[in-house]
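Per-entry structural report
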Amino acid sequence: MARSASLGEAKKVELPQGVLAYREAGEGPPVVFVHGLLVNADLWRNVVPAVARAGHRCLSPDWPLGSHEIPVRPDADLSPAGVADLIADFLEALDLTDVTLVANDTGGALVQVLISRRPERVGRVVLASCDALERFFPPIFRFLPPGARLPGSAWVLAQALRPRMFRRLPFTFGWLSRRPVPEPVMDSYLRPARTDGGVRRDLRRFLAGVHRRYTLAAAGTFGAFDRPVLLAWAEDDRLFPMSLARRLADLFPDARLVPVADSATFVPEDQPAVLAGLITEFAGVPRR
């Protein structure tokens, strides 16, 4: 489970797909956080406290994307549509309504698929630099889905991330974060796939199913999504350029794009205070 105490109390919930671990902090209208590939709820460790203090119930699950510690059932659907349904099942299991969903990186693609399939419990959406449209995955990571179809590929990927040089590589060149990620947090991201065969199985099954057809199909439904959407986008993002954010914003009836300075894709790592402020302001505005 994500280690950061700032995320609140450790809890678990039984879903049709298996047991999901999550952290909960604060009281008030629910805000649910959706991280991306090969990270867990620790991504939000510097965002949640300010949002919770502002009067929100913050729920930060470890989604089954390779950095979780409880594998889901072997027959669980871990395609992008299946994980989107798992997120919707989490909202249903806790009877959460008028939810603010906050998503980053791969999590943004999953939330886009969710609102195209099961938007009933969603009140508003925050997308912070994420996969969208034809960029699912971005070009430098497009080798992962075909590679995941090879036996043992998830083990090879997990072991390749063990040496410090390789663990830091996506961050060194500013692809994901402009600031160092603390070693204990990095370990919470990368250790589960190295040490647990069930986690590697989940990671491989998700990777093998990733395809841009999911995000492109979801985008075709956005004109009917009448709830507010905030795009908090790293203005110099190398993986998801601002041009992608503008195209995405144009598809929603009620969307606002806010550039975030001095940040790479992991806005929660690089600019947590800015992101927390944007979430707090956005989640506090009554829906029209």
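Owing to the predicted nature of the structure, the values given are computational and were not obtained by experimental measurement.

So, about the packing of helix H2 (residues 80-93) against helix H3 (residues 106-117). At a closest axis distance of 8 Å, the pairing of H2 and H3 adopts a crossing angle of 75°. The angle between H2 and H3 falls in the class roughly perpendicular. For the pair H2 and H3, the contacting residues are Pro80, Ala81, Val83, Ala84, Asp85, Ile87 and Ala88 in the first and Leu110, Val113, Leu114 and Arg117 in the second. The residue inventory of the contact of H2 with H3, partitioned by class, reads nine nonpolar, no polar and two charged.

Take the packing of helix H7 (residues 183-195) against helix H8 (residues 197-209) next. The geometry of H7 relative to H8 is characterised by a closest axis approach of 5 Å and an angle of 105° between their N-to-C directions. Taken together, H7 and H8 sit at an angle that is classed as roughly perpendicular. From H7, Pro192, Ala193, Arg194 and Thr195 reach across to H8, where they touch Gly197, Val199, Arg200 and Leu203. When grouped by side-chain class, the residues that make up the contact of H7 with H8 number four nonpolar, two polar and two charged.

The next subject is the sheet that holds strand E8 (residues 255-260). Sheets are built from strands paired through backbone hydrogen bonds, the pairs being either parallel or antiparallel. Spatially, the eight strands line up as an open sheet ordered E1-E2-E4-E3-E5-E6-E7-E8, and their pairing is mixed. Two strands in the sheet have a free side with no partner beyond their single neighbour: strand E1 (9-15) and E8. This sheet shows a mean twist of 25° between the axes of neighbouring strands, independent of strand direction. Alignment of strand E6 (residues 122-130) against strand E7 (residues 229-234), held across three bridges, turns out to be parallel. The partner of Leu127 across the bridge, within E7, is Leu231. Together, E1, strand E2 (18-25), strand E3 (30-34), strand E4 (57-61), strand E5 (99-105) and E6 form the strand contacts of H2, whose direction differs from that of E1 by roughly 105°. Sheet contacts for helix H10 (residues 242-251): E6, E7 and E8; angle to E7, the most-contacted strand, approximately 175°.

Attention shifts here to the pattern of salt bridges. Summed over all chains, the structure comprises 22 salt bridges. A salt bridge links Arg227 to Asp226; its shortest N-O distance comes to 3.3 Å. With relative accessibility at 14%, the residue Arg227 sits in the buried group. By sharing partners, the salt bridges in this structure join Arg3, Glu69, Asp187, Arg191 and Arg194 into a single network.

Basis of the calculations
Residues numbered from 1 in each chain as written. Predicted model: local features only at pLDDT ≥ 70, side-chain atom pairs only at ≥ 80, totals over all residues. Heavy atoms only, no water. Axes fitted to C-alpha atoms, helices over the stretch in contact; angles between N-to-C directions. Helix = DSSP H or I, 4+ residues; strand = E, 2+ residues; numbered from the N terminus. Parallel < 35°, antiparallel > 145°, perpendicular 65-115°, else oblique. Contact = heavy atoms within 4.5 Å. Nonpolar A, V, L, I, M, F, W, Y, C, P; charged D, E, K, R; others polar. Pairing = 2+ DSSP bridges. Salt bridge = Lys/Arg side-chain N within 4 Å of Asp/Glu carboxyl O. Buried < 20%, exposed > 50% of the residue type's maximum accessible area, 1.4 Å probe, protein only.

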